[in-house]
Each structure stands twice: as structure tokens, then as C-alpha cells.
Amino acid sequence: ADGHGKSLTLIDPTAASSADDASQWRASQVDGGTPGKLEEALPPEMKDHDGDGLPAFAEEALGTSDENRNEGQDRFTVSLQDKLWTATLAKSTTADPAQFEIETSVDLRTWAPATASLEETTPERLRWQSATLKSGIQHYVRLRISEPTK
């Protein structure tokens, strides 16, 4: 309710489901939500049919189904050991090319490209290793998926 980030929206506003049922809600597909509009007006690649928080274009890039909410969430992992984080991405070998970038933040508001080196690159996996993290500061890591630059 701070005006930032996603809002709650009904999974299927045209269904006869109860708005009192928590399972009928999901995060909006865009930051700030879509007040006064159905999210069906979003372009197809931005829709999240299974409500798992990954839009269709991300599911395709990861090689997961946008009809199964149990796929996709485990494709990107981050582990921490000895003040270094490692991010690993399992990606699709058959999907249209996508650009994958790691970003970091200390406040979840301001994001910047990660200070990390790409340690492994194969058709099905990417792995990044960070620079040493400063002690006493919380760090957040996210994956940005976009179309390749032309």
C-alpha cells in the first residue's frame, strides 16, 4: 500500500469465484498494478497464466510452462558462502534467445548491475560469482530477463 511494487489482483476476474478466497488472488503482473483495468489488456508475453510470479516471456526463456505454477521458481538460485554469492540459472536450450542479467540492491528500491563475473556458460546453464560482500550490509540479488539488444 506504499504505491511501489505489485498489488493484489484476482487470478480470473470473470470467474464466479469468491473474492474472499485467498487462493483466488495473485500479485499483479506490473509494478503499481493495473487500477481500473483488467490485466487481460496486457500483452500476451506479460501475462502470468499460472500465477507463479513469472510472466510468459520469462517462462519461455527458462524453458518452463506458464500453465504449471510449480515450474520455474527453482531455475534461478543464489547461494552464499564465505562472503561471496553464487547465482545459478538453468535456462532453456530451445527458446528464443534472451538476455540474462544479475542485479543487486541494498534497499530493494535501487538496483544496479551486479559486480560479478560469469564463471560458467553452457547452453543450459549460466553461473555468476560475486565480488566479496561487505559485512553488516543486507544484499539482495535478482535476475533480469530481457530481449537481446540488437
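The present account deals with the structure reproduced in this document. (Residues numbered from 1 in each chain as written. Predicted model: local features only at pLDDT ≥ 70, side-chain atom pairs only at ≥ 80, totals over all residues. Heavy atoms only, no water.)

With that out of the way, let us pick up the nonpolar core. Core analysis: the largest hydrophobic core is formed by 14 residues, its most contacted members being Leu 62, Trp 85, Leu 89, Phe 100, Ile 102, Trp 128 and Ile 145. At the level of elements, helix 1 (56-62), strand 4 (84-90), strand 5 (99-105) and strand 8 (125-130) are the ones that each hand at least two residues to this core. Ignoring anything within four residues of it in the chain, the contact list for Leu 62 reads Leu 54, Gly 72, Arg 75, Leu 89, Ala 90, Lys 91, Ser 92, Phe 100 and Ile 145. (Core = buried A, V, L, I, M, F, W, Y, C linked by side-chain atoms within 4.5 Å. Buried < 20%, exposed > 50% of the residue type's maximum accessible area, 1.4 Å probe, protein only. Helix = DSSP H or I, 4+ residues; strand = E, 2+ residues; numbered from the N terminus. Contact = heavy atoms within 4.5 Å.)

In the Ramachandran plot, Lys 83 falls in the positive-phi region, its phi being about 65° despite a non-glycine side chain. Looking at the secondary structure, you find Lys 83 in the loop between strand 3 (76-81) and strand 4. With a phi angle near 65°, Leu 108 is a residue other than glycine that sits in the positive phi range. Note that Leu 108 resides in the loop between strand 5 and strand 6 (112-113). Its relative accessible area of 48% is what places Leu 108 among the partly exposed residues.

Inspection of the sheet shows strand 5 paired to strand 9 (residues 140-146) by seven bridges, in the antiparallel sense. From the neighbouring strand, Glu 101 faces strand 9, where its bridge partner is Arg 144. The hairpin turn running from strand 5 into strand 6, its antiparallel successor, is six residues long, and Leu 108 in that turn takes a positive phi close to 65°. (Pairing = 2+ DSSP bridges.)

A few words on the sheet that holds strand 9. Read across the open sheet, the three strands follow the order 6-5-9; overall the sheet is antiparallel. Looking at which strands have only one partner, the edges of the open sheet turn out to be strand 6 and strand 9.

Once that is clear, we can look at the sheet that holds strand 3. Reading across the sheet, the four strands line up as 3-4-8-7 and stay open at both edges, with antiparallel pairing between neighbours. Strand pairing shows two members of the sheet lacking a second neighbour, strand 3 and strand 7 (116-122), which therefore form its edges. Recorded for the sheet is a direction-independent mean angle of 15° between the axes of neighbouring strands. By the bridge criterion, five bridges tie strand 4 to strand 8 in an arrangement that is antiparallel. Directly across from Thr 88, in strand 8, lies its bridge partner Arg 127. (Axes fitted to C-alpha atoms, helices over the stretch in contact; angles between N-to-C directions.)

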